[in-house]
Amino acid sequence: MTALNLTGFKMTFDEEFDTRSISQTGASTTWADIRPEWRLDANSDIGFGNSSFVDAGSGYDPLSVKSGVLSITAVPDRTASGYPGSWESGLITTEGHFSQTYGYFEIRADFSNLPGAWDAFWLLPDKQIPDPNNAGHWQELDVVEHYGSWDKGVYSGIHTTDAAPNLNWQANLQVYSELAQPSGYHTYGVDWEKDTISFYVDGQLMGMKPTPSDMHSPMYLLADLATQTNSGNNANAASVPITSYIDYIHVYSSPSSGSAGATTIEALGSTSLSQVGQNYFLDPVGGTGGPELKVNGAAVTAGQFGSNWVILGAEAVSGGYDVAWKNTTTGLSNIWSTDTHGNHVVDLLAGASSTSSAL
């Protein structure tokens, strides 16, 4: 098998689950746990299978972050939120906060082997392209789907509006992989490029497909644990909680990513502030390999603090970096101090006018 080679790739999204950064809307957090277009009630997402995805406001919290791991636990109907009788579980998404065109997307997870478990890590476009053939097709990139009743195998696939590949979807757009030792953690990844889409399990290439014509625009991330209650994968058979674990989710831009590559924002002094996808990097001028800009351990993304806040520049200082921001509505500026890893430590300056000597 061909092994994964990330030479020349650059990390643009690094979620280690060292802290919990999840909210209903994703405002000021890395993840949202309700998809706005699929909201069912005040505290739930419509879900799929026989499950609803609920926020902690429902009275049950399916998402827990501990010791660098996110656990998602599905339980039989417990609250007034969601569909009556459906299981209640969790989903996280970066919709509206992080998306990227092309690159390598990977999850490290220990999926549940209990009947009824339906785990997934997948990508959806910021904007769906209408199906020109009105055949009920859409754009979606499934990095991995896993069913607890068939623990030894995982499925990866592409959904497209292109007519020809859909004539035989399983042969043309799906990749099936079996694991020699299903239990425990495994990595599942996809290298999405302009011409090809390659699926990996534990760093080994499992299959490659041509990139469809409608899959060349930014896509955001989703990970979830849904449940099913059909005869072959029946959560109700035991009616016990189902838990899956996610160690990390990483995204990289590739050397050939084109528009997903680095854009220099400012490069005075010794530091070049660059943007790759939705993320910011503090590189040495004329070089690469600098740290990603973060707050509370999570990557800062473009527009995270509102469209009126723009990042101006950065400079290496003793012990880290100084990073300048400006509010285009008020004209006032803030200065962040970060550590050597690019993580925000303290605001050195807040609400400074353009004539401020401190600024």
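Preceding block: the structure.
Just so it is clear, the model here is predicted, and its values are computed rather than measured.

Engineer: Let's hear about the sheet that holds strand 6 (residues 51-54): which residues, and what values?
Structural biologist: Here four strands make up an open sheet; going across it, the order is 4-5-6-9 and the pairing mixed. Across the chains shown, the open sheet's two edge strands, defined by having one partner strand only, are strand 4 (39-41) and strand 9 (87-89). Across two bridges, the pairing between strand 5 (residues 44-45) and strand 6 is antiparallel. By the bridge assignment, S44 is partnered in strand 6 with V54.

Engineer: Can you lay out the layout of surface pockets for me, pointing to particular residues and giving the numbers?
Structural biologist: Approximately 420 Å³ is the volume found for the largest pocket. Only strand 13 (117-125), strand 14 (140-147), strand 15 (153-159) and helix 1 (169-173) provide two or more residues apiece to the lining of the largest pocket. Looking at the lining of the largest pocket, the element that brings in the most residues is strand 13, giving five residues. A class-by-class count of the residues in the lining of the largest pocket yields 13 nonpolar, seven polar and four charged. Here the second largest pocket defines a volume of roughly 200 Å³. S21, T29, T30, A298 and Q304 are, among the 17 residues lining the second largest pocket, the residues nearest its centre. Among the residues making up the lining of the second largest pocket, the classes are represented as six nonpolar, ten polar and one charged.

Engineer: So what's going on with the nonpolar core? Which residues, and what values?
Structural biologist: Of all hydrophobic cores here, the largest spans 43 residues; its most connected members are I92, F121, L141, W192, L221, I246 and I249. Aside from chain neighbours lying at most four places away, what touches F121 is F105, E106, I107, D142, V143, V144, L221, L222, A223 and I249. The next biggest cluster of nonpolar side chains, apart from the first, holds twelve residues, and it includes V295, I311, Y321 and W336.

Engineer: Outline the packing of aromatic side chains, listing residues and values.
Structural biologist: The tally for this structure, following the rule as stated, stands at 18 aromatic pairs. When the ring of F305 is compared with that of W336, the centres are 5.8 Å apart and the planes differ by 75 degrees; the resulting orientation is edge-to-face. Placement of F305 in the loop between strand 28 (298-299) and strand 29 (309-317) and of W336 in strand 31 (residues 333-338) is noted, with a sequence separation of 31 residues between them. Within the aromatic cluster, the residues linked to one another by ring pairs are F48, F53, W118, W122, Y147, Y155 and Y176. Just above the ring of F281 sits the side chain of K10; from NZ or CZ to the centre is 4.5 Å.

Engineer: An account of the pattern of salt bridges is needed here, citing residue identities and associated values.
Structural biologist: Evaluated as defined, the whole model comprises four salt bridges. D61 is the salt-bridge partner of R20, the closest N and O atoms lying 3.0 Å from each other. Separated by 41 residues along the polypeptide, R20 in the loop between strand 1 (10-15) and strand 2 (22-23) and D61 in the loop between strand 6 and strand 7 (63-66) bring together distant segments of the chain. Residue R20 is classed as partly exposed on the basis of its relative accessible area, which comes to 37%. Residue D61 is classed as partly exposed on the basis of its relative accessible area of 33%. Across the salt bridge formed by R35 and D45, the nearest N and O atoms sit 2.8 Å from each other. Within this pair, whereas R35 is found in the loop between strand 3 (31-32) and strand 4, its partner D45 is found in strand 5, the two being separated by ten residues in sequence. For the pair R35 and D45, one class covers both residues: buried.

How each quantity is defined
- Residues numbered from 1 in each chain as written.
- Predicted model: local features only at pLDDT ≥ 70, side-chain atom pairs only at ≥ 80, totals over all residues.
- Heavy atoms only, no water.
- Pairing = 2+ DSSP bridges.
- Helix = DSSP H or I, 4+ residues; strand = E, 2+ residues; numbered from the N terminus.
- 1 Å grid on protein atoms, 1.4 Å probe; cavity = no way out; pocket = protein on both sides within 12 Å on 5 of 7 lines; lining within 4 Å.
- Points joined across faces, edges and corners; volume = space filled by probe spheres on them.
- Nonpolar A, V, L, I, M, F, W, Y, C, P; charged D, E, K, R; others polar.
- Core = buried A, V, L, I, M, F, W, Y, C linked by side-chain atoms within 4.5 Å.
- Buried < 20%, exposed > 50% of the residue type's maximum accessible area, 1.4 Å probe, protein only.
- Contact = heavy atoms within 4.5 Å.
- Phe/Tyr/Trp six-rings, centres within 6.5 Å; stacked < 30°, edge-to-face > 60°.
- Lys NZ or Arg CZ within 6 Å of the ring centre and 35° of its normal.
- Salt bridge = Lys/Arg side-chain N within 4 Å of Asp/Glu carboxyl O.

None of this, on its own, says anything about what the molecule does.
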